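Architecture at a glance
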Amino acid sequence: MVANASEKFTNLALKLFDINAFKFGDFKMKVGINSPVYFDLRVIISHPDVMNTVSELLLQFLNDKKTSCDHICGVPYTALPIATLVSVRDSKPMLIRRKEAKDYGTKKLIEGKYQSGDTCLIIEDVVTSGSSILETVNDLRREGIVVTDAIVLVDREQGGAKNIEQNGIRMHSLFTLSQLLDILQEAGKIEESTVKAVAKYISTCQIKADGSMVQPSSKAVNELNRLKMSFEARSNHARCPVAKRLFQLMAVKKSNLCIAVDLPKVGAILDLVMKIGPHICVLKTHIDVVEDFNENFVHSLVALAEKYNFLIMEDRKFADIGNTVSMQYGHGLYKISQWADLVTCHSLPGKGVLDGLKNGAVDYSNKGVFLLAEMSCRGNLINEKYTKDTMELAMDGSNNDFIAGIVCQNPHVVTNPGLIQLTPGVQISNTSDELSQQYSSPQSAIKEKGADIAVVGRGVTNSPNVAAAAEEYRDQLWSAYCSRIESEDE
Ligand code: 5BU
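Values in this document were obtained by computation on a predicted structure and should not be read as measured data.

Quick notes on the UniProt feature "binding site: substrate" (unreviewed entry) in the protein chain
As annotated in UniProt, the feature "binding site: substrate" (unreviewed entry) corresponds to D262, K284, S376, Q437, G457 and R458 in the numbering used here. Structurally, K284 can be placed in strand 10 (residues 282-285). Topologically, R458 is positioned in helix 17 (residues 458-461). By relative accessible area, R458 is classed as partly exposed at 40%. Those residues in contact with R458, other than ones at most four positions away along the chain, are Q427, D433, Q437, Y439 and S463. Only 2.9 Å separates the side chain of R458 from the side chain of D433, close enough to count as a polar contact.

In structure tokens:
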């Protein structure tokens, strides 16, 4: 069946969302208030099918508008390959504007064959203020080229169209931000609260052509800043059912404390869990340190999780090829997928490790993964690129129903309010151990590092009164969370 035009638009919008060409959360912008939506259309070059559809729709749009021109020019850099495809499909010669004139040779700013008086159509990926389009237009006009029309993939509706129209250019767009939001909401991909937060941001953050805000004194805040949102509100944004459940559980139990029970004997573990159960949202295990493991032990653990209403996370840090991980998760001595609600996983092997986990679970719809984007120990080899790539993996459309959250150490890693930040390395009385572990206080973990859930191990398990210690950590962590979401500062 041949898709009709609106179906094609809808499918393209959903595909762009799935490949992370735009994201919702909290993003730094050049002007003022952080934005709840962020576009990164550079990613489409990795998806030839998307490039194909985009160029096809642009061409169709141009033909419908009967916009005639001698040349096509893409605004560098994202729009260059798109302009190339349109140029080839339409047999229209292209022009390229250099961002800086070469400091040798001809010093030409505009590459390509043209004459003064020729007309040129501009192609751009996303327009915010319109200033990038105007820079390109100005350089073309300096060469005597006539520019009257620009076409963009997405108009963020923040004043760009008006700004460029004041410079004598008509702006056409394949999508406005509002249209994209409608499509995504209709398809159940985003919540009404997301649509509202974006609408509020757009109406408050209109931008002038010079990049400044129309109302610079505005007090608006980004309503999708997860650090300021309650766990109840964030449960609506979770795409992984276990994360949704965990957000709700935390809100009901008023606990964002995860205790790591790194003890070698089942008796001691169960005894401890009975004491700390009422205070925790997650119990974290390292099942391979248990010396007398047996099946009854996990049955007892699951029964305690039900009784005290917490989730069980096996901190297995899976890190192998999919096939191996699938066996490690579902089979072997521990059969982790049968009793752990959540597991941790390294992103190192890439997408295959997540496919392996899905494969190892009987039904992964009630299971979740925390991906490691950073570690707490001194000297670990993770760098910024690794962390960023881990987040790309987490947000990928094919995985995001399985990723409950991220293990990390700083507040800018997780931008999506539907993901939970888990931060280990928390203790009140120590700042390190002898084996490179580094600790921060409960307050610092929540307010400075951006933790939603803090992991406390020896801070509780080494205490002479574990119940009282758990209660103390629970109270400190919960009040730090309450103060984080209530405070006015950014
Ligand atoms: P501690 O006793 O509070 O230091 O225990 C911390 C727990 O968190 C322990 O089980 C570690 O394996 C786990 N952990 C960590 O400490 N740091 C990390 O970066 C990651 C996990 Br990931």
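Back to the write-up after that little detour.
A look at the sheet that holds strand 16 (residues 453-456)
Ordered in space as 9-10-11-12-13-14-15-16, the 8 strands form a closed barrel in which the pairing is parallel. Adjacent strand axes in the sheet meet at a mean angle of 30° when their direction is disregarded. Taken together, the 4 bridges between strand 10 and strand 11 (residues 311-318) define a ladder with parallel strand orientation. Residue pairing in the sheet places T285 in a bridge with E314 of strand 11.

Some remarks on the pattern of salt bridges
Summed over all chains, the structure comprises 25 salt bridges. Among the ionic pairs, K196 bridges to E192, the shortest N-O distance being 3.3 Å. Of this pair, K196 and E192 are both found in helix 7 (residues 192-204), 4 residues apart, which corresponds to roughly one turn of the helix. Given the relative accessible area of 53%, K196 is considered exposed. Exposure remark for E192: the relative accessible area of 47% places this residue in the partly exposed category. With a closest N to O distance of 2.8 Å, R234 and D452 form a salt bridge. Taken together, the residues span a long stretch of sequence, with R234 in helix 8 (residues 231-235) and D452 in the loop between helix 16 (442-448) and strand 16 at a distance of 218 residues. Counted as one network, the salt bridges with shared partners bring together R97, E135, D139 and R142.

Quick look at the state of the cysteines
By the definition in use, this model includes 0 disulfides. Between C120, a free cysteine, and C73, which holds the nearest cysteine sulfur, the sulfur-to-sulfur gap is 4.9 Å. Classification of C120 by relative accessible area gives buried; the value is 3%.

Considerations on the site of the ligand
Taken together, 17 residues form the shell around the ligand, and within it D262, S376, Q437, Y439 and R458 come nearest. A distance of 2.8 Å separates an oxygen atom of the ligand from a polar atom in the side chain of Q437. R458 places a main-chain nitrogen or oxygen 2.7 Å from an oxygen atom of the ligand. Taken together, the elements giving at least two residues each to the shell around the ligand come down to strand 11 and strand 16. When grouped by side-chain class, the residues that make up the shell around the ligand number 8 nonpolar, 4 polar and 5 charged.

So, how was this worked out
- Residues numbered from 1 in each chain as written.
- Predicted model: local features only at pLDDT ≥ 70, side-chain atom pairs only at ≥ 80, totals over all residues.
- Heavy atoms only, no water.
- UniProt positions renumbered as here; feature names shortened; annotations may be inferred.
- Helix = DSSP H or I, 4+ residues; strand = E, 2+ residues; numbered from the N terminus.
- Buried < 20%, exposed > 50% of the residue type's maximum accessible area, 1.4 Å probe, protein only.
- Contact = heavy atoms within 4.5 Å.
- Polar contact = N/O pair within 3.5 Å; in protein donor to acceptor, adjacent residues only side chain to side chain.
- Pairing = 2+ DSSP bridges.
- Axes fitted to C-alpha atoms, helices over the stretch in contact; angles between N-to-C directions.
- Salt bridge = Lys/Arg side-chain N within 4 Å of Asp/Glu carboxyl O.
- Disulfide = S-S within 2.5 Å.
- Near = heavy atom within 4 Å.
- Nonpolar A, V, L, I, M, F, W, Y, C, P; charged D, E, K, R; others polar.

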